[in-house]
Amino acid sequence: MALSSSNDFYKTIEKEARGESCFLFGNESYLVQDALERICHKLFNTPRPTLNDNLNYEIYYGGERDPDRVCEALTSLPFFADFKLIVVKEFDQFREKDIEKVTEAVASKDPSVTLVLISNQVDKRTKSYKKIEKLCQSVEFKQPYERDLPQWIQYLAQQQKIQIGTTESLLLISLVGSDLMMLSNELKKINIGLNDRHKISENDILKFSTHGKDENVFAFSDLLANRSTTQALALLKKLLEQG
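All residue numbers refer to position in the chain's written sequence, counted from 1. Only residues with pLDDT of at least 70 are given local features in this predicted model, and only at 80 or more are side-chain atom pairs given and counted; all residues enter the totals for whole chains, interfaces and linings. Side-chain calculation: all heavy atoms of the structure are included, whereas hydrogens and water are not.

Colleague: I'd like a rundown of the sheet that holds strand β3 (residues 57-61), residues and numbers included.
Modeller: At least two DSSP bridges between two strands are needed for those strands to be called paired. What counts as a helix is a DSSP run of H or I of at least four residues, what counts as a strand is a run of E of at least two, and both are numbered from the N terminus. Pairing is parallel across the open sheet formed by six strands, whose spatial order is β1-β6-β2-β5-β4-β3. Each having just a single partner strand, β1 (3-4) and β3 make up the two edges of the open sheet. The pairing of strand β2 (residues 21-25) with strand β6 (residues 137-140) spans four bridges and is classified as parallel. Along β6, the bridge assignment pairs F25 with E140.

Colleague: Describe in detail the nonpolar core, supporting the description with residues and values.
Modeller: Of all hydrophobic cores here, the largest spans 43 residues; its most connected members are F9, L24, I39, L85 and F141. Contacts: residue pairs with any heavy atoms within 4.5 Å of one another. The residues touching F9, leaving out its near neighbours within four places in the chain, are C22, L24, A35, I39, Q137, V139 and F141. Put simply, buried Ala, Val, Leu, Ile, Met, Phe, Trp, Tyr and Cys residues joined by side-chain atoms within 4.5 Å make one nonpolar core. Exposed residues in this analysis have more than 50% of their type's maximum accessible area, buried residues have under 20%, and partly exposed residues fall in between, with area computed by a 1.4 Å probe over protein chains only. In this structure, F25, C71, A105 and L115 belong to the second largest nonpolar core, which totals 21 residues.

Colleague: So what about the side chain of E168? Which residues, and what values?
Modeller: Looking at where E168 falls in the secondary structure, it is placed in helix α7 (residues 166-176). Within the local environment of E168, its side chain forms a polar contact with the backbone nitrogen of G165, the two atoms lying 3.4 Å apart. Leaving out residues up to four positions away in the same chain, E168 has contacts with I200, S201, E202 and I205. A 3.5 Å cut-off defines polar contacts: any pair of N or O atoms within that distance qualifies, except that in protein one atom must be a possible hydrogen donor and the other a possible acceptor, and neighbouring residues in sequence count only when both atoms are side-chain atoms.

Colleague: Give a description of the pairing of strand β4 (residues 84-89) that names residues and reports values.
Modeller: The buried fraction of β4 is high, at five of six residues. By convention, orient the strands away from the viewer: a clockwise path from the first strand over the helix to the second makes the crossover right-handed. Following the chain from β3 across helix α3 (residues 67-75) to the adjacent parallel β4, one finds a crossover that is right-handed. For β4 and strand β5 (residues 113-119), the ladder comprises five bridges, and the chain directions are parallel. Along β5, the bridge assignment pairs V88 with L117. For the handedness criterion, the β-α-β arrangement of β4, helix α4 (residues 96-107) and β5 is classed as right-handed.

Colleague: Describe the packing of aromatic side chains, with residues and values.
Modeller: In this description, an aromatic ring pair is defined by two values, namely the gap between the centres and the angle between the planes. Any two rings among Phe, Tyr and Trp, with Trp reduced to its six-membered ring, count as a pair given centres within 6.5 Å; such a pair is stacked if its planes are under 30 degrees apart, edge-to-face if over 60, and tilted if neither. Throughout the structure, instances matching the rule amount to eleven aromatic pairs. On the numbers, 5.5 Å between centres and 55° between planes, the contact of F44 with F83 is tilted. Residue F44 is found in helix α2 (residues 29-44), and its partner F83 is found in the loop between α3 and β4; the two are separated by 39 residues along the sequence. Comparing F44 with F83 shows no difference in burial state: the two are buried.

Colleague: Give me the lowdown on the pairing of β5, citing residues and values where you can.
Modeller: Within β5, seven of the seven residues are buried, which leaves it mostly tucked inside the rest of the structure. Covered by surrounding structure in β5 are V113, L115, L117 and S119 together with T114, V116 and I118, the residues of both alternating faces. Relative to β5, β2 is paired through five bridges, and the arrangement is parallel. Bridged to C22 within β5 is V116.

Colleague: A description of the side chain of K109 should follow, citing residues and the corresponding values.
Modeller: Tracing the backbone shows K109 in the loop between α4 and β5. With near-sequence residues (within four places) excluded, K109 lies in contact with G19, E20, S21, L74 and L115.

Colleague: Give me the lowdown on the environment of C40, citing residues and values where you can.
Modeller: Tracing the backbone through its elements, the reader meets C40 in helix α2. For C40, a relative accessible area of 1% translates into the label buried. Non-local contacts of C40, meaning those with residues more than four positions away in its chain, are made with N45, T46, P47, P49, Y57 and L85.

Following this line, the structure appears as structure tokens:
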């Protein structure tokens, strides 16, 4: 299999997730987690199944350096079901020889097993990556371009059943940065302060954001240094209003 786009991956999972082998990697942890939750929702009808309640949901970590457990899980049958999900996080922390062992198991895994390998860093030049790419639907999740961030923030807000405009999105970016996971968490904090309201204002961001006024001043300086004029002006306007 070749490297897939995120849209192609979403279409595949929406159609059928059982028996798939997926390799998710990249520096945008929110999108990687979102992809995993889409698979879980397709299989278990919930984006966050618990290990205690689902005997056919298993998570392993490359940092544990125990590839034999992963290999055994890949070749064993589900427990009183016709599918099971195996997730291997921190896959890049396996030693090279361990990756080779797991790769062999992936090639002969039971058809009822859905496999998700998750890695933060990947060297696409390595033999192990090229082997994994042939066996799995591989998707790289990068941080969105700056011009697309307001739309992403509006999407994150919709997930929490709240609304945010473009101007407010730019202000939030100027305070928090471009990491989607951090932006999502910040929206959750702001949402708590909204009470019964569903629309985020600039004052809500400055009032309920965990970033204090001193941090806002530093953020303003950074925006100027990076020549992010639009975001800098939006932040300056609110700082002046605050006094």
